[in-house]
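Working through the structure, step by step
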Amino acid sequence: MMKNLIIIGQSIKYVFKHSKICLLCYFLSFIFEAVEPLIYVIFSKYIINNLYPELFFDKAFMFVLIMVSLQFFCSFLNGLFLKKIEEEAEKILYIQKKEMINNQEKIFYEKTENSTFFDDYYHADEYVNRGSNIHILNQIKTILSSIITIIGLIYLLKEVSIIAIAICIIIYFIKLKFINIKNKKVYDYSLKATNQMRKDNFFIWGFTNLKYAKENRLFNTFPYISKKLDEADKSSTKLWYKQLKIDLNYSIFPAIIDGLLIFIIYFSMVLSFKFKGLTIGDYSMLLAAFISFSQTINAIINAYSAISKENFYFDKYNEVIKLYENTNKANNIIIDKIETVEFKNVSYKYLNSEKYALNNINLKISTNDFKKISIVGKNGSGKSTFIKLLMKLYEPTAGDIYLNDINIKDIDNDIYYKLFSPVFQDYKIYNTTIKNNITFSLNESANDDLKKMELLDKVNSLSLKENTNISKEFDQKGIDFSLGERQKIAIARALHKDSLIMILDEPTASLSASSENKLYKMVAKENNKIIFFISHRLSSCRFTDKIIVFDNGNIKEIGSHEELINKNGIYNELFLAQAELYKKGGEEYE
């Protein structure tokens, strides 16, 4: 009960914040919906009493006319209110969906690598997409209008049997309790099945995405996909049957209760007709009142049950919202210059892993000494983890990270993220224009950045120039860039942001040797920012001031290219192995 009151309160508060007129329309609508059933019940008595045993046609016709007029008036006005509610509901749903999308940036990145988070987010997203705030207000309106109707009906039915009415109400409360138990069991089962449902959806929609068209054809994945689709279908059907079984098992008792209530209603009416001398009109009115009473109570039960169902999704929604609220909102410390970056006793261990990805890292980088740093090491040595910790995408398991001697925990996340211009190894290209992919702005031009990446001439040869869509999925005039060109777009994006710290994670993996060389020479001229290179191509190390060598979660070597070659350690071993590969023709080209 308390949880239902909490979710009702939050829904009312949310709708009031974004549309006061919507809340007013709900209030007026529930009044008209409460009055409308009473009009029929009350007037049915007077109509029938003027038709039988004596016929007073004029009076009966007048009562019919009044009844129809009142019902039309209520129905017409209520229709206007419902139309306005529907209109405002669309706006509120849009606002909440937009909030959900905009707040994604506040979710700590580390959470997005946890399957449990995706399960919770799935239900939170469902809560929003269902328009739950409006749905809950609809149920509140039903409950409130039904309560007013019931008060009127009880007043009319007092002539029959207050005891019978009390018994009906008690039985209905038992039914409500039973339905709530059923809803909880259905939800608990669906919660356990969430991960499987997401997997099934992936095989149904993900694998058949046209983005996988080349692989699907050349690797003949269709038999595998077909098998997985069959498995997903069987899994979905199995889940549906299990939920149906739970639903049926808990539907028998409410059905028995409904039968018992019908018996009580008609038995009470028979006794009243026999012992209280009711007229046909009275009997007709009371029977209509009893039927309306039963339907109204059922409406309350269904509405309350629907709110209880929303409560389950509301819990998951709140858990995700708390992730937004718990994100760092510290002092507005402004960083306009990078002087030092320091890791103090920093260790990091991934969830459900016994091994540390980074072990007790102690490192201080002073920009007075060097600004261009290469991070090298074998796969799994800790390079990417180090960078993600630096960018505050991960939080250290132990230790602290400092920027200009300020703990990065004390720097507002939004301010901190503005310090970085990254080119990720798994960079993303969006199905929008070339300009928007680089600037994420409708007003800024990307021409300078395209020129730096030697793409401007090609872009200007297109009919829409920088406003050309990347991909032809939404626009036939779109362009499909090569992998190397796509990587240049990602680098242009980082150059455009022009932050104090640049992260280049495998920035030349799809570039030719000549394009790679030009990129490093261009970046070498950037003296006003710190640049971290993470690359398996050790040729980048010749353009950097310092090289940090990671191995098995530890920093093993630090120095310039010449210093580390002379040291004859891990770096020298990696460099010579790669040089030998290049001699044998192992260099990659576009």
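Look up: the structure comes first, before these words.
Right, let's walk through the structure included here. (Residues numbered from 1 in each chain as written. Predicted model: local features only at pLDDT ≥ 70, side-chain atom pairs only at ≥ 80, totals over all residues. Heavy atoms only, no water.)

Points about unusual backbone geometry
Of note in this structure, phenylalanine 440 is not a glycine but carries a positive phi near 50 degrees. Within the element layout of this structure, phenylalanine 440 appears in the loop between α14 (434-439) and α15 (447-452). The exposure class of phenylalanine 440 is exposed, given its relative accessible area of 51%. The phi angle at aspartate 498 is positive, at roughly 55 degrees, despite the residue not being glycine. Tracing the backbone shows aspartate 498 in the loop between α17 (483-497) and β7 (501-505). (Helix = DSSP H or I, 4+ residues; strand = E, 2+ residues; numbered from the N terminus. Buried < 20%, exposed > 50% of the residue type's maximum accessible area, 1.4 Å probe, protein only.)

Re the side chain of serine 11
When you line up the elements, serine 11 lands in helix α1 (residues 2-18). Sequence-distant contacts of serine 11, that is, excluding residues within four places in its chain, are made with Tyr127, Asn133 and Ile136. (Contact = heavy atoms within 4.5 Å.)

Regarding a nonpolar patch on the surface
A surface patch of nonpolar side chains, about 750 Å² in accessible area, is lined by Leu51, Tyr52, Leu55, Phe57, Phe61, Leu65 and Ile280. Per-element tally for the nonpolar patch: the top contributor is helix α3 (residues 57-102), with three residues. Counting through the fold element by element, leucine 65 comes out in helix α3. (Patch = residues over 30% accessible without salt bridge, like charges linked within 9 Å, V, L, I, M, F, W, Y side chains within 5 Å. Areas by Shrake-Rupley, 256 points an atom, 1.4 Å probe, with all protein chains shown as cover. Salt bridge = Lys/Arg side-chain N within 4 Å of Asp/Glu carboxyl O.)

Focus on the sheet that holds strand β5 (residues 406-407)
Here four strands make up an open sheet; going across it, the order is β2-β1-β4-β5 and the pairing antiparallel. Of all the strands in the sheet, the pair left with one neighbour each is β2 (358-366) and β5. As judged from the two bridges shared by strand β4 (residues 398-403) and β5, these two strands associate in the antiparallel manner. Within β5, the residue paired with leucine 403 across the bridge is isoleucine 406. Along the sheet, helix α12 (residues 383-390) makes contact with β1 (340-348), β2 and β4, crossing β1 at roughly 120 degrees. (Pairing = 2+ DSSP bridges. Axes fitted to C-alpha atoms, helices over the stretch in contact; angles between N-to-C directions.)

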